[in-house]
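# Structure assessment
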Amino acid sequence: MKDEIQTPADRSANLKGMGCSRKRVEDVRFTQGKGNYVDDIKLDGMLVGDFVRSPYAHARVTAIETEAALKVPGVLAVLTAKDLEPLGLHWMPTLAGDKQMVLADGKVLFQGQEVAFVVATDRYAAADGVAAVEVEYEELPVVTDPFRALDPDAPVLREDLAGQTEGAHGPRRHHNHIFTWEVGDKEATEKVLDEADVVAEEMVYYHRTHPMPLETCGCVASMDKVTGKLTLWGTFQAPHAVRTVASLISGIAEHNIRVISPDIGGGFGNKVGVYPGYICSIVASIVTGKPVKWVESRMDNLMSTAFARDYWMNGRIAATKEGKITGLWCHTTADHGGFDACADPTKFPAGFMNICTGSYDIPVAYLAVDGVYTNKAPGGVAYRCSFRVTEAAYFIERMVEVLAIKLGMDAAELRRINFIREDQFPYQSALGWEYDSGNYHAAWDKALTAVGYDALRQEQAQRIADFKAGKTRKLLGIGLTHFTEIVGAGPVKNCDILGLGMFDSCEIRIHPTGSAIARLGTISQGQGHATTFAQIIASEIGIPADDITLEEGDTDTAPYGLGTYGSRSTPVAGAATAMAARKIRAKAQMIAAYLLEVHDGDVEFDVDRFVVKGAPERFKTMKEIAFASYNQAIPGLEPGLEAVSYYDPPNMTYPFGAYICVMEIDVDTGEHKVRKFYALDDCGTRINPMIIEGQVHGGATEGYAIAMGQEIVYDDMGNHKTATLMDFFVPTSWETPHYTTDHTVTPSPHHPIGAKGVGESPNVGSVPCFSNAVHDAFRPFGLVQSHMPHDQWRIWKIADDLGLHG
Amino acid sequence: MIPAGFEYHRPADLTSAIGILQEHGDEARVVAGGHSLIPMMKLRMAELGHLIDLQDIDAMKGIAVGGDTVTIGAMTTQHELIVHDGLGAALPILREAALQIADPQVRYVGTIGGNVANGDPGNDMPGLMQCLNARFDLTGPDGSRQVAARDFYEAAYFTAREDEEILTAIIIPIPAPGTGSAYIKQKRKIGDYATAAAAVLVGDGTASVAMTNLADTPIWSEAAGAALAAGDIDGCAAAMLGAIDPQEDMRGPVAFKKHVAAVVLRRAIDSALSRRS
Ligand SMILES: Cc1cc2nc3c(=O)[nH]c(=O)nc-3n(C[C@H](O)[C@H](O)[C@H](O)COP(=O)(O)OP(=O)(O)OC[C@H]3O[C@@H](n4cnc5c(N)ncnc54)[C@H](O)[C@@H]3O)c2cc1C
């Protein structure tokens, strides 16, 4: 047999297991236009729903006239809050413990809010119906500034909460106040600040933006009146959670709800929340007895479903005069819009913002976050990051730069002397986290060497001299970032969403002929799960990845899990996959021992088989073992070869990275050019280097967009100014920088395969890196802090304010 | 993003197209590439009962490079301007500008006629046509007439074209040999309209200067051209800055736009001068 002369290395290569840059199996269908997205679903008699949206940011709704709309050919129904009220569905709970109007109940709180839902035979009729609905509004004073929202005389936004002084996360101290969240030792931190050699203080604003999945949000609801079963296809990043929430909200028994996430065209946090479109589609399907589809337009998406960021982070950082950081203080004002619809684990109303001590050994720290209502769209999701980690990383990476300016120190050196040292792991942070592993100094030195940091600084010095001498109008910025993430939510003891513990799952079934199917509680939105999770199984049990089908997203078949966001798939479901595989391997070992007529302990696993210890010519391949499990009566063992694992992670994982950006800036036009972007990521064990690189490119490109131009803007009247891709910046290949990727490997000690998750690192790390490059270019001329996004006019304004236009 | 319903017409000749325009008056509009009109319809900012597609009218297509002038059919796509053999030599600035419009997908479909007839101050061709002193051929129920590009633009989306007239061709005088030209445009990204763009021609004692998206019409400044013709670059920039009237939008505030306008203009002048022979 050819098999027998193969070396272990050859056999291992055949598996395409962990560490192999296996090509993405998904791409065969995606690159041929054969994906199956929600909008591809077409059912018999399917109707389409569309929203009447509010043109005002704050107004009373005094009347809704639907008669004309109902006369539009093809329009079958127009739902308003009045229709939903008897079902108790005119409001819905949010993931953050607040509630949100499904359809305007007497008033609207943001421009674009859902007012009525028109159901029609097709999209065109629905749009005509929407245009024909007449709504009478009485405008109310608008507040879009979260600080102004807390003024005593600020307009009252949430009249439904009148007199409610206790919110989901503790006391509310003002009618537009949602919560205050405090972590750390306030007194000790303030004492350190009072007594420090040096204190740098700055307001760091991370502007409002929006995840930009190519595919917008949508669903198809189909209520089968005969079976009483509701099937809901949708762009859901957490299908099981949607099923449970749908059951709790609607009263339909959970076994009668089947939620299916088909192919998803990117999520980035936008598809975690529960939206009025889902509820209205379900109700419309129940009312009409027909399947109902709702798919957002791009404008709907940018105006109404979950924004990200909008954090005003006021910071103070204390240090000795040599630059050793001694304390960190942060007060954040969080603009949540009209409803608190953040998607965070329940006990963390500001997500993991308390990772804001970053990569540094900071002995004391204090963080307070105030959540505030304004007349803007709700959301506050983690746009390709784990629950506010990007905000935290941006904050600390700006504060370190600001401190470096105050100290007159090189920012690379300042970081180096403050990094948590390798021997300090596992490291207890001042704000309550246990960092699992890291080697920051090694990564940092590798990065600085790779870009030739010292030479870059020399070039920059020359450039400044040339600029001052009038020889050039271009400045050079060197942006530095060392970020630490916290991903893989998370341990059930402190992480849940609406009471659902944030474990995850994998079920593996080995077929008689030795191929397999695995199902997970997560759902890929482009991350390549079908590729990488098969690689984990391949390495763990010796079945080629190409022989493993991977399925996710159907709640009738997949084991329960909390879905994909917050880089949790590999840390949690990936761990479950390894654990399920190990259960199978353990049973396979017993079968092999039986077949080889030795004790269980006398065989050992060798790539794709079990061999008798000391007698390598005596073995049973996994293929043989699989077949035996189906055709032999093995004493003491059940037939078949299957396992399921529900994995509750003991801790989060803490990926980290060192990013460096070199940027040219034209002070006269505000234009910039990224000359180099170097990204070193340490995500622990690397499952598929090609996919990691792809994730880094994608995440860094989103980070580039956010730092350099992407923004959701409202004017003072609450008008949304950036609802199309003309003004909402999404880089094309032309604008996208070239990336150089690199890595170090520091496995997670508590994860079964040592993997940490990487999908979000590049967004978390690149935003401060690009921003720091802009700041660094102007540092010699006195710039300390300037808010993102650094689009052309804002860069021009920096130069203008610094007097660089003569 | 769903347009209201409309009737679709596809006449094969100009007379029929004009006839349909006459029949439906205000309710009707011609569509060329649709890349300005259809987005407006999808936003329901333009609601039309009748859409008259001009793409089957062959007489409105094609590029003819003559001795003194270039004649371009209104239905010629921006892509065709870029790939045409003789046009790049006769009017290098036209190709240079066309390459800075939107992206290849838009240019495959968008036409020069639609671009100049649209009346959007963001469009690049109108300013360029004023710089080049082009003339527009318009045909209506009462026959044909020519209007100079410099007289065509009245306000945003308002032009000298009558509702029942169709723009059939654009006639551009070929600049004297040795004339240097440049089209420089600052934008936020590929697919964006100009933050500021400048079209500059400079020959032996002659010059013409126009700018885009800095007022509600393109700005051609006679004084700026005269100053440049006399070699007075500062005077040219000052005249142009006096003529523009930019508004704040997502591209930035007025002060920024004025500053960038001056920078872009000076860069275009430098480039045009360096290409003069
Ligand atoms: C993403 C995007 C980016 C863009 N960026 C730019 C840019 O950077 N610079 C730029 O200049 N343009 C830009 N455009 C616009 C594009 O160039 C359009 O194609 C062009 O403005 C209009 O040409 P059209 O053939 O598509 O005209 P249409 O959209 O068909 O028509 C536009 C208007 O002109 C009228 N019209 C058209 N042809 C005639 C005619 N022969 N006679 C009378 N009236 C006529 C129509 O009735 C309509 O009112 C962009 C468009 C898009 C979608």
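Residues numbered from 1 in each chain as written. Chains lettered and ligands numbered in written order. Predicted model: local features only at pLDDT ≥ 70, side-chain atom pairs only at ≥ 80, totals over all residues. Heavy atoms only, no water.

This part is about the overall build of chain B. Along its length, chain B carries twelve helices and 14 strands. The C-alpha atoms of chain B give 18 Å as radius of gyration, which agrees with the globular expectation for 277 residues (19 Å, within 12%). Reported as C-alpha extents along the three principal axes, the dimensions of chain B are approximately 55 × 45 × 30 Å. The buried share of chain B, taken over its 277 residues, is 52%. Long-range pairs, those at least 24 residues apart, make up 61% of the contacts in chain B between residues at least 6 apart in sequence. With the model as given, the accessible surface of chain B reaches about 11,300 Å², and the carbon-plus-sulfur share is 50%. One finds the centroid of the 22 positive side-chain charges in chain B at a distance of 9 Å from the centroid of its 34 negative side-chain charges. (Helix = DSSP H or I, 4+ residues; strand = E, 2+ residues; numbered from the N terminus. Rg over C-alpha atoms; globule rule 2.2 N^0.38 Å. Buried < 20%, exposed > 50% of the residue type's maximum accessible area, 1.4 Å probe, protein only. Contact = heavy atoms within 4.5 Å. Areas by Shrake-Rupley, 256 points an atom, 1.4 Å probe, with all protein chains shown as cover. Lys, Arg positive; Asp, Glu negative; His and termini not counted. Charge placed at Lys NZ, Arg CZ, Asp CG, Glu CD.)

Attention now moves to unusual backbone geometry. Residue and element names in this part refer to chain A. Between Phe 425 and the following residue, Pro 426, the backbone shows a cis peptide bond with an omega angle of -10°. You can see Pro 426 is positioned in the loop between helix H13 (411-418) and strand E21 (427-428). The omega torsion across Met 788 and Pro 789 is -10°, close enough to zero to call that bond cis. Within the secondary structure, Pro 789 sits in the loop between helix H20 (761-778) and helix H21 (792-801).

All names here are of chain B. The alternating pattern of strand E3 (residues 50-53) places His 50 and Ile 52 on one face and Leu 51 and Asp 53 on the opposite face, and all of these are buried. Sheet analysis places strand E2 (residues 28-31) next to E3, joined by four bridges and oriented parallel. Bridge pairing in E3 places Val 31 opposite Asp 53. Taken together, E2, helix H2 (residues 37-42) and E3 constitute a β-α-β crossover, and its handedness is right-handed. (Pairing = 2+ DSSP bridges. Right-handed = clockwise from strand over helix to strand, strands pointing away.)

What follows is about the interface of chain A and chain B. Taken together, the contacts link 26 residues of chain A with 25 residues of chain B. Between chain A and chain B, a total of about 2,200 Å² is buried, with carbon and sulfur atoms accounting for 62% of that surface. The largest share of the area that chain A buries against chain B comes from Met726(A), Trp793(A) and Trp796(A), three residues that together contribute 26% of it. On the surface where chain A and chain B come into contact, there are three salt bridges. There are ten residue pairs in polar contact (both at pLDDT 80 or more) connecting chain A and chain B. Those elements that provide at least two residues to the side of chain A that touches chain B are helix H6 (123-132) and H21 of chain A. (Buried area = accessible area lost by both parts, 1.4 Å probe. Salt bridge = Lys/Arg side-chain N within 4 Å of Asp/Glu carboxyl O. Polar contact = N/O pair within 3.5 Å; in protein donor to acceptor, adjacent residues only side chain to side chain.)

All names here are of chain B. Split by domain assignment, chain B resolves into domain 1 (7-53), domain 2 (58-173) and domain 3 (180-274). One C-alpha centre belongs to domain 2, the other to domain 3, and the line joining them spans 20 Å. Between domain 2 and domain 3, the contact holds 23 residues from the first and 25 residues from the second. Regarding the contact of domain 2 and domain 3, the summed buried area is about 1,900 Å², with carbon and sulfur atoms giving 58% of it. Of all residues in domain 2, Gln 100, Pro 121 and Cys 131 give up the largest surface area on contact with domain 3, accounting jointly for 28% of the area buried on that side. Put simply, domain 2 and domain 3 have one salt bridge between them. Close ionic contact of Lys 185 with Asp 124 constitutes a salt bridge, the shortest N to O distance being 2.8 Å. Sorting the residues of the side of domain 2 that touches domain 3 by element identifies helix H5 (92-98), helix H8 (124-131) and strand E8 (153-155) as the ones contributing at least two each. Examining the composition of the side of domain 2 that touches domain 3, we find that six residues originate from one element, H8, more than from any other. (Domains from an automatic or database assignment.)

Helix packing geometry: the angle between the two helix axes and the distance between the axes. All names here are of chain B. Close contact between helix H11 (residues 233-243) and helix H12 (residues 254-275) brings their axes to 10 Å; oriented N to C, the two are set at 140°. By the angle between their directions, the pair H11 and H12 is classed as oblique. Both H11 and H12 take part in a crossing whose hand is right-handed. Facing Ile 233, Asp 234, Cys 236, Ala 237, Met 240 and Leu 241 of H11, the residues of H12 in contact are Lys 258, Ala 261, Ala 262, Leu 265, Arg 266, Ile 269 and Leu 273. Considered class by class, the residues forming the contact of H11 with H12 number ten nonpolar, no polar and three charged. (Axes fitted to C-alpha atoms, helices over the stretch in contact; angles between N-to-C directions. Parallel < 35°, antiparallel > 145°, perpendicular 65-115°, else oblique. Left-handed = near helix turned anticlockwise from the far one by under 90°. Nonpolar A, V, L, I, M, F, W, Y, C, P; charged D, E, K, R; others polar.)

On the surface, Asp26(B), Glu27(B), Glu154(B), Glu162(B) and Asp163(B) cluster together into a negatively charged patch. Tracing the backbone through its elements, the reader meets Glu162(B) in the loop between strand E9 (158-159) and strand E10 (166-173). (Patch = residues over 30% accessible without salt bridge, like charges linked within 9 Å, V, L, I, M, F, W, Y side chains within 5 Å.)

Here we take up the pattern of salt bridges. Residue and element names in this part refer to chain A. Scanning all chains against the criterion turns up 71 salt bridges over all chains. Taking the shortest distance from any N to any O, the salt bridge between Asp 39 and Arg 123 comes out at 2.9 Å. A residue pair is termed long-range when its members are at least 10 positions apart, and Asp 39 in the loop between helix H3 (27-30) and strand E1 (47-53) and Arg 123 in helix H6 qualify at 84 residues. Across the pair Lys 293 and Asp 39 runs a salt bridge, and its minimum N-O distance is 2.9 Å. Of this pair, Lys 293 sits in strand E16 (residues 292-295) while Asp 39 is found in the loop between H3 and E1, placing the two residues 254 residues apart along the sequence. By relative accessible area, which is 4% here, Lys 293 ends up buried.

What follows concerns the UniProt feature "domain: FAD-binding PCMH-type" (unreviewed entry) in chain B. Feature annotation in UniProt places "domain: FAD-binding PCMH-type" (unreviewed entry) on residues 1-177 of chain B, given in this structure's numbering. What you have in residues 1-177 of chain B is 33% helix and 25% strand, and the ends, taken at the C-alpha atoms, are 49 Å apart. (UniProt positions renumbered as here; feature names shortened; annotations may be inferred.)

Attention now goes to the nonpolar core. Counting residues in hydrophobic clusters, the biggest one holds 182 residues, and the most contacted among them are Phe117(A), Phe352(A), Met353(A), Phe770(A) and Phe778(A). If one sorts the elements of this core by residue count, helix H12 (residues 389-407) of chain A sits on top with twelve residues. Leaving out residues up to four positions away in the same chain, Met353(A) has contacts with Tyr311(A), Met313(A), Cys330(A), Thr332(A), Leu367(A), Val369(A), Phe387(A), Arg388(A), Glu391(A), Ala392(A) and Phe395(A). Core analysis: the next-biggest nonpolar cluster, separate from the first, contains 50 residues, Ala17(B), Leu21(B), Met129(B) and Leu138(B) among them. (Core = buried A, V, L, I, M, F, W, Y, C linked by side-chain atoms within 4.5 Å.)

Turning next to the domain arrangement of chain A. Residue and element names in this part refer to chain A. Segmentation of chain A into domains returns domain 1 (2-35 + 504-647), domain 2 (38-140 + 216-264 + 272-304) and domain 3 (307-489 + 652-801). Computed over C-alpha atoms, the centres of domain 2 and domain 3 are 37 Å apart. The interface of domain 2 with domain 3 comprises 22 residues on the first partner and 23 residues on the second. Of the roughly 1,800 Å² buried at the junction of domain 2 and domain 3 (both faces included), carbon and sulfur atoms supply 62%. Taken as a group, Leu 109, Gln 111 and Leu 302 account for 29% of the area that domain 2 buries against domain 3, more than any other trio of residues on that side. Where domain 2 packs against domain 3, one counts zero salt bridges. Joining domain 2 to domain 3, the criterion identifies eight residue pairs in polar contact (both at pLDDT 80 or more). In the side of domain 2 that touches domain 3, the residues fall into twelve nonpolar, six polar and four charged.

With that settled, the discussion passes to the sheet that holds strand E26 (residues 504-510) of chain A. Residues and elements named next belong to chain A. Overall, mixed pairing links the four strands, which are arranged E28-E27-E26-E32 in an open sheet. Every other strand in the sheet has two partners, leaving strand E28 (548-552) and strand E32 (642-647) as the edge strands with one partner each. Pairwise comparison of adjacent strand axes, ignoring direction, gives a mean angle of 15° for this sheet. As paired strands, strand E27 (residues 516-520) and E28 are joined by five bridges and run parallel to one another. Paired with Arg 519 across the strands is Glu 551, a residue of E28. Strand contacts of helix H17 (residues 569-596): E26, E27 and E32, with the helix running at about 145° to E32, the strand carrying the most contacts.

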